[in-house]
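One-letter residues, chain by chain:
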Amino acid sequence: MECYPRPPVRPRAMKKGVSTSRMSMSRILAEGEIVPSALVLAREYRGLSKTELAAASGIARQHLVTIENGVTTHPTVATRNALCAALHILPEFLMRVPDAPPSEKVLHFRGKPRVTARLNRQLLALASIWTSYTREVRSHVSRLPADGFATIERSGTVDDIAVRTRKAWGLREDAPIHSVVRLIERAGAFVGTFEGGAKGIDAYSWTASLAHVLCNVDRGQPSRTRCRCRRTACGTC
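All figures in this text were calculated on a predicted structure; none of them were measured in a lab.

Peer 1: Sorry if this is basic, but what is going on with the environment of E92 here?
Peer 2: Within the secondary structure, E92 is located in the loop between α5 (77-87) and β2 (108-109). Classification of E92 as partly exposed rests on a relative accessible area of 22%.

Peer 1: Explain the confidence of the model for the protein chain to me, please; I cannot follow it from the model alone.
Peer 2: Predicted coordinates in regions of low pLDDT should not be interpreted in detail. With 76% of its residues at a pLDDT of 70 or more, the protein chain shows a mean pLDDT of 79. Here residues 4-29 scores under 50 on pLDDT; set against residues more than four positions off or in separate chains, the count is 36 contacts. Note on residues 222-235: pLDDT is under 50 here. Beyond four places in sequence and across chains, it has 26 contacts.

Peer 1: Looking at this structure, how should I read the pattern of salt bridges?
Peer 2: When the charged atoms of two side chains lie near each other, side chains of opposite charge can form a pair. One pass over the full model with this rule turns up five salt bridges. Note that E68 and R43 form a salt bridge whose closest N and O atoms lie 2.6 Å from each other. Remark: R43 occurs in helix α2 (residues 36-45) and E68 occurs in helix α4 (residues 61-68); sequence separation between them is 25 residues. Each member of the pair, E68 as well as R43, carries the same accessibility label: buried. Residues R172 and D174 are paired through a salt bridge, measuring 3.3 Å at the closest nitrogen-oxygen approach. Side by side, R172 and D174 carry an identical accessibility label, which is exposed. One salt-bridge network, held together by shared partners, links R43, K50 and E68.

Peer 1: Please explain the pairing of strand β3 (residues 190-195) as it appears in this structure.
Peer 2: One face of the sheet, then the other: side chains in a regular strand alternate in exactly this way. Most of β3 is tucked away: six of the six residues are buried. The alternating pattern of β3 places F190, G192 and F194 on one face and V191, T193 and E195 on the opposite face, and all of these are buried.

Peer 1: For this particular structure, what's the right way to read unusual backbone geometry?
Peer 2: Most peptide bonds take the trans configuration, and most residues that are not glycine carry a negative phi. Located in the positive-phi region is H88, a residue other than glycine, with phi close to 60°. Assignment of secondary structure puts H88 in the loop between α5 and β2. A positive phi angle, close to 70°, is found at S209, a residue other than glycine. You can see S209 is positioned in the loop between β4 (203-208) and β5 (210-216). Judged by relative accessible area, which is 57%, S209 ranks as exposed.

Peer 1: Would you mind showing me how to read the side chain of S57 here?
Peer 2: For S57, the position within the fold is in helix α3 (residues 50-57). One polar contact links the side chain of S57 to the main-chain carbonyl oxygen of L53, over a distance of 2.8 Å.

Peer 1: So what exactly am I meant to see when it comes to the side chain of T66 here?
Peer 2: Topologically, T66 is positioned in helix α4. The exposure class assigned to T66 is buried, which follows from its relative accessible area of 17%. When near neighbours in sequence (up to four residues on either side) are disregarded, T66 contacts V71 and T72.

Peer 1: How should α4 be read in this particular structure?
Peer 2: Two residues of an α-helix separated by three or four positions point the same way, owing to the 3.6 residues in each turn. Listed as buried for α4 are L64, V65, T66, I67 and E68. As for α4, its buried residues are in contact with α2, α3 and α5.

Here is what the cut-offs are and how they apply
Residues numbered from 1 in each chain as written. Predicted model: local features only at pLDDT ≥ 70, side-chain atom pairs only at ≥ 80, totals over all residues. Heavy atoms only, no water. Helix = DSSP H or I, 4+ residues; strand = E, 2+ residues; numbered from the N terminus. Buried < 20%, exposed > 50% of the residue type's maximum accessible area, 1.4 Å probe, protein only. pLDDT = per-residue confidence, 0-100. Contact = heavy atoms within 4.5 Å. Salt bridge = Lys/Arg side-chain N within 4 Å of Asp/Glu carboxyl O. Polar contact = N/O pair within 3.5 Å; in protein donor to acceptor, adjacent residues only side chain to side chain.

Structure, rendered in structure tokens:
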């Protein structure tokens, strides 16, 4: 499962007074430090169990468990690099304390897809990474659209909510919407795409201070195009 645009990989904040020069960063990376929650997040994002990751990285499962539980916080550089290779991530990712995944209760799917427990964890991990990415984007943007979702009552049927949304956004009930993505972005939502590992899911959304929507663009399925994913975005909000 891949997320577009790819989230930035940044090391976690350094302690006060510690230099962040290239030399000090190289020293820190050489120590093999791993933030347990970051490792769990990366593993679940890749859709791997502990046993599968241990086999893919060539380390003992029990050793992996001690790292994820925080018992071992500074494994060898070889161990850290093996985990990074198996997870296809940079070492810096494992040094950053990640955002907590949203509660599965706040995920909204278009339609009623069959979501397994593993896929649900994978989607929650992806949501956490995307939320971190958009938070970083917001920190570099001086002005963003106002939240157009906060005042919309979400009780009743989907059609009822759609009518209230059109009214709140100044749209006629029978007016066609040429670009749903642009519309909800102007209402303050962050929209992105992901690919692979989630058949049957067109899109899903959640709220973490602002609305977020991720659309599935699976190139392995000819029927799913970027245009179709754009048309599904509104159904998840």
